[in-house]
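Secondary and tertiary structure notes
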Amino acid sequence: MKNKSLVSIHDYSKTDYLRIMDLAEEFERNPRNYGNLLTGKVVATLFFEPSTRTRLSFESAVQRLGGRIIGFADSSSSSVSKGETLKDTIKTVSQYSDLIVMRHPIEGSARWASEVSDVPIVNAGDGANQHPTQCLLDLYTMKQTQGKLDNLIITMVGDLKYGRTVHSLIQAMLYFSPSFHFVSPEELKMPNEYKMFLKEKKIPFKEHHDLSEVLKISDIIYVTRVQRERFSDPIEYEKVKNAFVLKNSMLEDTKPGLKILHPLPRVNEINEDVDTNKKAYYFRQALNGVYTRMAIISSILGLK
Ligand code: CP
């Protein structure tokens, strides 16, 4: 992991996943013991798309480890607005920092950035493609709540077409013998390339149009937002935006250990009456983003 970019979840092995989770656990257990680990290090956060959790949890992770942050949350305040290319921006910022965390709307942009950067790049989401650090925090959260990662029944709900977090997660679960259930409107089904991947790896999955069919058998319900920003036609978005809404009343008779996850932000897909249910874990999942990103940064910088 040392000095290596993290662009896709495939850049890490199963051993790497387990190492990041162990390290995240150590940071969670002893959050105040590592306040000088990143002394003298500068991390750049370049966000060409909006973010709350990913950017701020990365920044919180760096601050907790004693490092410094530079960057922008809105590229209109950078020289990109004057027509500077992504290549020149990355090349320049890589002179100023030890690591760059980048979110960009174009699929493949993070890989391109890693090829021109003089420091490692961490992909904080590239279009509908990958979100590997979210994936690692999702793995950490599933292990934390279930006590294991093996043989889980995982139901993914919502926008499975554009949801980059579900794309990364199904690929990472390759090593842990999962069973998947996909619940989505027809227009937002899991893309064929990911279903082909699951078939090749002999990972069972089933597609559904009715959420109630699978609630009772699931260990994890992973809900995703319908991503308005990926629709070119707003009428198409309006048609599907409220296709699946999870309500507290629907959680009766579900498994006692069931946990509901969501990468957030949420719009309407989980009713607020679910928030007080012990099975709702999405805000705790967001906190795990800090510990997991502390682990990722310190591993890439070779400090852990
Ligand atoms: N989960 C996630 O990527 O959230 P943000 O878009 O707020 O970063």
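Residue positions are counted from 1 within each chain, in the order its sequence is given. Reporting of local features is limited, given that this is a predicted model, to residues whose pLDDT is at least 70; pairs of side-chain atoms are given and counted only at 80 or more, and all residues count toward the totals for whole chains, interfaces and linings. As a convention, hydrogens and water are excluded, and side-chain values are obtained from all of the structure's heavy atoms.

On to the site of the ligand, then. In the vicinity of the ligand, the residues found are Ser51, Thr52, Arg53, Thr54, Arg103, His131, Gln134, Pro263 and Leu264. Arginine 53 is positioned such that a nitrogen or oxygen atom in its backbone is 3.0 Å from an oxygen atom of the ligand. Within 3.5 Å is the distance limit for a polar contact, defined as a pair of N or O atoms, with the added protein rule that one can donate a hydrogen and the other accept it, and that residues adjacent in sequence qualify only through two side-chain atoms. In the model, a nitrogen atom of the ligand is placed 3.0 Å from a nitrogen or oxygen of the leucine 264 main chain. Under the convention used here, a 1.4 Å probe and the Shrake-Rupley method define accessible areas, while residue burial counts only the protein chains that appear. Bound to the protein, the ligand loses 91% of the 260 Å² it would expose on its own. Any residue that is not Ala, Val, Leu, Ile, Met, Phe, Trp, Tyr, Cys, Pro, Asp, Glu, Lys or Arg is counted as polar, Gly included; the first ten are nonpolar and the last four charged. Considering only residue class, the shell around the ligand consists of two nonpolar, five polar and two charged. A single heavy atom is enough: if one lies within 4 Å of a molecule or strand, its residue is considered near that molecule or strand.

Right, let's get into the sheet that holds strand E2 (residues 68-72). Any two strands with at least two DSSP-identified bridges between them are counted as paired. Secondary structure is summarised from DSSP: a helix means a run of H or I of at least four residues, a strand means a run of E of at least two, and numbering begins at the N terminus for each. Judged by pairing direction, the sheet is parallel, and its four strands sit side by side in the order E2-E1-E3-E4 without closing on themselves. With partners counted over all chains shown, the strands left at the sheet margins are E2 and strand E4 (121-126), one partner each. Strand-to-strand twist in this sheet, taken as the mean axis angle between neighbours without regard to direction, amounts to 15°. Lying over the sheet, helix H4 (residues 109-116) contacts strand E3 (99-104) and E4, oriented at roughly 160° with respect to E4. Axis lines are fitted to C-alpha atoms, over the contacting stretch for helices. Their N-to-C directions set the angle, which ranges from 0 to 180 degrees. Here a residue-residue contact requires only that any non-hydrogen atoms of the pair lie within 4.5 Å.

In terms of domain boundaries, the protein breaks down into domain 1 (9-130 + 290-300) and domain 2 (132-286). For domain 1 versus domain 2, the separation of C-alpha centres amounts to 25 Å. The interface of domain 1 with domain 2 comprises 27 residues on the first partner and 27 residues on the second. Simply put, the buried area is the total loss of 1.4 Å probe accessible area from both parts when two parts are fitted together. Summing both sides of the interface, domain 1 and domain 2 together bury roughly 2,500 Å²; the carbon and sulfur share of this comes to 59%. For the domain 1 face of the interface with domain 2, the top three residues by lost area are Ile9, Met21 and Arg53, together amounting to 25%. Every case where a carboxyl oxygen of Asp or Glu lies within 4 Å of a side-chain nitrogen of Lys or Arg is listed as a salt bridge. Our count for the contact surface shared by domain 1 and domain 2 stands at two salt bridges. Notably, a salt bridge pairs glutamate 28 with arginine 284, separated by 2.4 Å at the nearest N-O pair. At the boundary of domain 1 with domain 2, the tally comes to nine residue pairs in polar contact (both at pLDDT 80 or more). Elements with a minimum of two residues in the side of domain 1 that touches domain 2: helix H1 (14-29), helix H2 (53-64), E4 and helix H9 (282-300). Here the limits of each domain have been adopted from an automatic or database domain assignment.

Here we come to the sheet that holds strand E6 (residues 179-183). With parallel pairing, the five strands of this open sheet are ordered in space as E7-E6-E5-E8-E9. Lying at the two open borders of the sheet, with one neighbouring strand each, are strand E7 (205-208) and strand E9 (259-261). In this sheet, adjacent strand axes meet at a mean angle of 20° when their direction is disregarded. Strand direction decides the pairing type here: strand E8 (residues 220-223) and E9, joined by three bridges, are parallel. Note that in E9 the partner of isoleucine 221 across the bridge is isoleucine 260.

The next point concerns helix H3 (residues 86-96). Listing the buried residues of H3 in full gives Leu86, Thr89, Ile90, Val93 and Ser94. Seen end-on, H3 carries its buried residues on one side only, within an arc spanning 125°. Buried residues belonging to H3 abut strand E1 (42-47), E3, H4 and E4. When a residue's accessible area, from a 1.4 Å probe over protein chains only, is under 20% of the maximum for its type it is buried; when over 50% it is exposed; and in between it is partly exposed. Arc, as used here, means the arc of the directions from the helix axis to the C-beta atoms.

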